Amino acid sequence: MDQKEMDQIREEIKCFQAKTSNDLEFFRIKFLGKKKGILTFLFKKLKEIPHENRKNIGKIINELKKNVQDKILHFQKINLIENKKTLKFDPTIPGKSLEIGSLHPISIVKNRILDIFKMIGFSYVEGPEIENDWHNFTALNIPVDHPSREMQDTFFLCKNPEILLRTHTSSVQIRYMKKHKPPFRVLSIGKVYRNETISSHSNFMFHQAEGFYIDKKVSFLDLKKIIQYLINSLFGKSVKIRFRPSYFPFTEPSAEVDIYRDDKTGWLEVMGCGMIDPQVLKNVHINSEIYSGFAFGMGIERLALLIYQIDDIRICFENDIRFLKQFQNDF
Ligand code: DAH
């Protein structure tokens, strides 16, 4: 490594011009690369140089290293300026338009039901989707061998028959009544899991709305008035409705509510309801001699299909933009 070689290296660094960032990286590796860099190599060799020359030569290599670094900085700066120039604002480029989203029909119907009940003083609560047997069945008068468990094809979790995905939102009644003292009027909406035929197809999950009202002297007449108010708010004043006697283990008497759409479709079942069975009140330590109440439950999908005249429930879960876009003006 003589003076001539050093001068050559100095000259090469001085004359270097980078056109692209690749050139610059190539240059850096050539001189300072960890494995094969020329200056790195010279630094390593420094140990072998006799003591009296080492300091001088070391100084020269350090200078060369500084030259390389300055060169790199210089071209990096130029590059930045060039980039900035090309990023200049161009007012002729059309702006990016924001896509307007829309609420899912299930959410729209859910919000409408919430609003309808807010108007008459109902508060809103939610319950867990993973439930235990007691809240979902036993406390609602559905003991282990009751046939209505059969109807609610249940998803059990972890092979443990105690823990399950709630089959209906009626479990929220139990959770709420256990913790609060009457009077109260409450609405809850959420997902439930069971095999259920909605429209011409079945589904393993759907949404339910559950309402309940407990006070002194609540009667079946109050229940009828509230259901009438709900159906009229959803389907208009002229829709015909009927209460058909039915059976639910947690209400007595119980009824199903049908609405009359048109002569072709006839009567359609939209919800179940009834006066809360005194035994259910006892299960949650509410005195059934003083208090009475009613409850009702309905499937949101069924209502959405009727309101929007959708005939196949599966389309609600396919996330097809062409379907969802049709609800842009509803909220
Ligand atoms: N839990 C019932 C079901 O899923 C619906 C229902 C019926 C809820 C009557 C109620 C009720 O609160 O009173 O089929």
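Here's what I pulled together on the structure shown here. (Residues numbered from 1 in each chain as written. Predicted model: local features only at pLDDT ≥ 70, side-chain atom pairs only at ≥ 80, totals over all residues. Heavy atoms only, no water.)

A look at the site of the ligand
Next, step 1: Around the ligand there are 16 residues in total, and H168, S170, R194, Q208 and E210 lie nearest to it.
Next, step 2: Between a nitrogen atom of the ligand and a side-chain N or O atom of S170, the distance comes to 3.0 Å.
Next, step 3: For the ligand, whose free accessible area comes to 350 Å², the fraction covered by protein is 93%.
Next, step 4: Those elements that provide at least two residues to the shell around the ligand are α8 (170–179), β6 (201–216), β9 (267–276) and β10 (291–299).
Next, step 5: Its residues assigned to classes, the shell around the ligand comprises five nonpolar, nine polar and two charged. (Near = heavy atom within 4 Å. Polar contact = N/O pair within 3.5 Å; in protein donor to acceptor, adjacent residues only side chain to side chain. Areas by Shrake-Rupley, 256 points an atom, 1.4 Å probe, with all protein chains shown as cover. Helix = DSSP H or I, 4+ residues; strand = E, 2+ residues; numbered from the N terminus. Nonpolar A, V, L, I, M, F, W, Y, C, P; charged D, E, K, R; others polar.)

Description of the pattern of salt bridges
Next, step 1: Within the structure shown, the criterion is met by 14 salt bridges.
Next, step 2: Among the ionic pairs, K30 bridges to E12, the shortest N-O distance being 2.4 Å. Of this pair, K30 sits in helix α2 (residues 21–32) while E12 sits in helix α1 (residues 3–15), and the two are 18 residues apart along the sequence.
Next, step 3: Judged by relative accessible area, which is 34%, K30 ranks as partly exposed.
Next, step 4: Through salt bridges with shared partners, one network takes in R242, R244, D258 and E269. (Salt bridge = Lys/Arg side-chain N within 4 Å of Asp/Glu carboxyl O. Buried < 20%, exposed > 50% of the residue type's maximum accessible area, 1.4 Å probe, protein only.)

Some details on the nonpolar core
Next, step 1: I113, F117, I231, F235, M271, F296 and M298 are the most contacted members of the largest nonpolar core, which totals 44 residues.
Next, step 2: Those residues in contact with M271 that lie beyond four places of it in its chain are I227, L230, I231, A255, E256, V257, F296, G297 and M298.
Next, step 3: One finds L164, I174, F184 and L281 within the second-largest nonpolar core, a separate group that totals 22 residues. (Core = buried A, V, L, I, M, F, W, Y, C linked by side-chain atoms within 4.5 Å. Contact = heavy atoms within 4.5 Å.)

That's the geometry; what it means functionally is another story.
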